[in-house]
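Next come the chains, spelled out residue by residue.
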Amino acid sequence: MELLGTTLTSTYARPKPTPTNFLPAISTMASSYKNRFPHYTLSHSLTLPWRPSTYYKVASTTPTLAPLSKSAPGLNPAQMISFPANRTALFTRYTPDDWQKSNLNNYRESESSRRSAERLRIDTSRLIQEKDQKTRKIQTDTSKDLGERVNDIAFWKSEINHEIDQMIGETNALSEVKRRLERALAETEGPLQVAQECLYHREKRMSIDLVHDDVEKQLLQEVDCIKSCQERMRRHLDKTAAQLASNRAAQHELERDISDKQAAYRIDDKCQNLRNTSDGIGYYRAVEHIDATISVPETWAKFSDDNILRSQSERMASAKLREDVESLLNITSNEMWNQFNLVNIAFTTRISDTADAKNKLQSHLVKVLPEAVESETYLWATGLVQEVHEISDTIQVLQQRLREAEDTLQMLVHTKANLEHDLSIKANSLFIDQEKCMGMRKSFPSTPRLVGYT
């Protein structure tokens, strides 16, 4: 505004006044309008979401002339007192061109800022959409990978569980065979003691009947047969115990593996079922940089495959051992039974031969006794006749006959004693073989007991 009583003049219609030392020349202040707004540093980052309020808060500051009034160095308040003669110089320092250029520059800067902001907004929106699509695709791929991982874990869980069931069944079957083998081994002690007792009792035979006959040979073979069977049974028992330990070790590895698989299955299944809207989702900074894995999918699968292959190998060895034990039980049972029957046949034959010899001895004894009596009677009767009728003629003949009769009598008495002694020997042998030995052999275990079923 102009004070009353003064003439309004237009500075652009007349020559420019001579510069004074009061204010700097217009040319030196031509671009000072660019700095008339206070400078505020934006408090937000360009990477943060769009916040229009921040910009408007910064741009809403009302410009004043205070900075301009302080921009002239060396001025004091007394020098800034307005005088009518100096008003034109104080308030008309810009030309219309400057004003127009300033407006155009503001328009250009506004349009440029608006376009930059629009491009940034569009680029940011497009970037957000791209990142959102990429994130969703990655999330979908990750969920798919997690699903495949869960399926892989479920597959290996199924395989391992199946192998564990097979191993448990095989271990139980092998344990049952082992119990049968132990019972069969215990059953062989009885027949062994019987055979040894028979050999001990047969040592009590007397004189000529102390013969190394077929019975003794078969008894010795029976002892050797039973001991050989026991030794083979003990070796297979040791193998069975070692195989059971190997089976349990393989089963333990499978059970530890299935425990790890179950834990991994629960974790991956939970991860697969997580959604962006799931409750309790927390953000753990830099957790993606932590890699505590100790294997890759190839070694992970190979580890379980090796455990299953080891278990299958142990199962095959266990099944083969079970077949060997079954075969051994049948073979040893047949061997012991065959040898038992051979011993019984030898005993039967020997008893028959001894009984026949005894009967023959008894028949000879029966024949010898009357003859001895007759001879003794004849001796007495002959002696009286000769004494009466032929004492002189036949004395020498009778003496000769007497000596012969006495010799015959002595021979018969000796034969009688031998027969009676031999008869007592045969009776003793029959008692040992028929009563003691065969009596003990009636308790031989049956085939089911020898193969361990009872």
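See the structure above.
First, a word on scope: everything that follows refers to the structure included in this document. These numbers were taken from a predicted model, which means no experiment stands behind them.

A closer look at the overall build of the protein chain
In step 1: A count of helices and strands for the protein chain gives nine helices and zero strands.
In step 2: For the protein chain, the N- to C-terminal ordering of α and β elements is α-α-α-α-α-α-α-α-α.
In step 3: With the model as given, the accessible surface of the protein chain reaches about 31,600 Å², and the carbon-plus-sulfur share is 56%.

So, the packing of aromatic side chains
In step 1: Following the criterion strictly, the structure yields two aromatic pairs and no others.
In step 2: Judged by centre distance (5.3 Å) and plane angle (70°), the rings of Phe 155 and Trp 156 are edge-to-face.
In step 3: With a relative accessible area of 44%, Phe 155 lands in the partly exposed category.
In step 4: Judged by relative accessible area, which is 13%, Trp 156 ranks as buried.
In step 5: Where Trp 337 meets Phe 340, the ring centres are 5.5 Å apart and the plane angle is 85°; that geometry is what we call edge-to-face. A residue pair is termed a helical-turn pair when its members lie 3 or 4 positions apart in one helix, as Trp 337 and Phe 340 do in helix α7 (residues 297-388) at three residues.

Topic: the side chain of Thr 240
In step 1: Secondary-structure assignment places Thr 240 in helix α6 (residues 214-273).
In step 2: A polar contact of 2.6 Å, which involves the side chain of Thr 240, links it to the backbone oxygen of His 236.
In step 3: In this view, Thr 240 contacts Leu 174, Lys 178, Leu 321 and Val 325; residues no more than four positions away in its chain are not counted.

Describing the nonpolar core
In a soluble, globular protein the nonpolar side chains are often hidden away together inside.
In step 1: Of all hydrophobic cores here, the largest spans 33 residues; its most connected members are Leu 181, Leu 219, Met 233, Leu 329, Met 336 and Phe 347.
In step 2: Elements supplying a minimum of two residues to this core: α4 (96-187), α5 (189-202), α6, α7 and α8 (395-440).
In step 3: Excluding residues within four positions of it along the chain, Leu 219 makes contact with Ala 195, Cys 198, Leu 199, Arg 202, Val 343, Phe 347 and Arg 441.
In step 4: Of all hydrophobic cores here, the second largest spans eight residues; its members include Ile 153, Trp 156, Ile 164 and Trp 300.

Here's the deal with the environment of Ser 352
In step 1: By secondary structure assignment, the location of Ser 352 is in helix α7.
In step 2: Considered as a pair, Ser 352 and Leu 430 are 78 residues apart in the sequence and their alpha carbons are 9.2 Å apart.

Remarks on the packing of α4 against α5
In step 1: Two elements in contact, α4 and α5, have axes separated by 4 Å at closest approach and are oriented at 15°. Classed by the angle they form, the pair α4 and α5 counts as roughly parallel. Residues Leu 185, Ala 186 and Glu 187 of α4 form the contact with α5, whose participating residues are Glu 189, Gly 190 and Pro 191.
In step 2: Of the residues in the contact of α4 with α5, the class split is three nonpolar, one polar and two charged.

Some points on the packing of α4 against α6
In step 1: It is the contact of α4 with α6, at a shortest axis distance of 8 Å, that shows an interaxial angle of 160°. Considering the angle they form, α4 stands roughly antiparallel to α6. Remark: the crossing between α4 and α6 carries left-handed chirality.
In step 2: Across the contact of α4 with α6, the residue classes break down as 23 nonpolar, 13 polar and 13 charged.

Here is what the cut-offs are and how they apply
- Per chain, residues are indexed from 1 in the order of the written sequence.
- It should be noted that, the model being predicted, local features are given only for residues of pLDDT at least 70 and side-chain atom pairs only at 80 or more, the latter also being counted only at that level, while totals for whole chains, interfaces and linings use all residues.
- By convention in this description, side-chain values take in all heavy atoms of the structure and omit both hydrogens and water.
- Strands are runs of DSSP state E lasting at least two residues, helices are runs of H or I lasting at least four, and both sets are numbered from the N terminus onward.
- Here the Shrake-Rupley method, with its probe set to 1.4 Å, supplies the accessible areas, and only the displayed protein chains count as covering residues.
- In this scheme Phe, Tyr and Trp rings, the latter by its six-membered ring, pair at centre separations within 6.5 Å, and the angle between planes marks the pair as stacked below 30 degrees, edge-to-face above 60, and tilted otherwise.
- For the exposure calls, accessible area comes from a 1.4 Å probe over protein chains only, and a residue counts as buried if that area is under 20% of its type's maximum, exposed if over 50%, partly exposed in between.
- By the criterion applied in these results, polar contacts are pairs of N or O atoms within 3.5 Å in which, for protein atoms, one can donate a hydrogen and the other can accept it, and in which residues neighboring in sequence qualify only through two side-chain atoms.
- The contact criterion used throughout is that any non-hydrogen atoms of two residues lie within 4.5 Å.
- In this text, buried Ala, Val, Leu, Ile, Met, Phe, Trp, Tyr and Cys residues form a nonpolar core when linked through side-chain atoms within 4.5 Å.
- Axis definition: a line fitted to C-alpha atoms, over the contacting stretch in the case of helices. Angles run 0 to 180 degrees between N-to-C directions.
- Relative orientations are named as follows: roughly parallel for angles under 35 degrees, roughly antiparallel for angles over 145 degrees, roughly perpendicular for angles from 65 to 115 degrees, and oblique for any other angle.
- Throughout, the ten residues Ala, Val, Leu, Ile, Met, Phe, Trp, Tyr, Cys and Pro are labelled nonpolar, Asp, Glu, Lys and Arg are labelled charged, and all others, Gly among them, are labelled polar.
- In this scheme the crossing of two helices becomes right-handed for a clockwise turn of the near helix relative to the far one and left-handed for an anticlockwise turn of less than a right angle.

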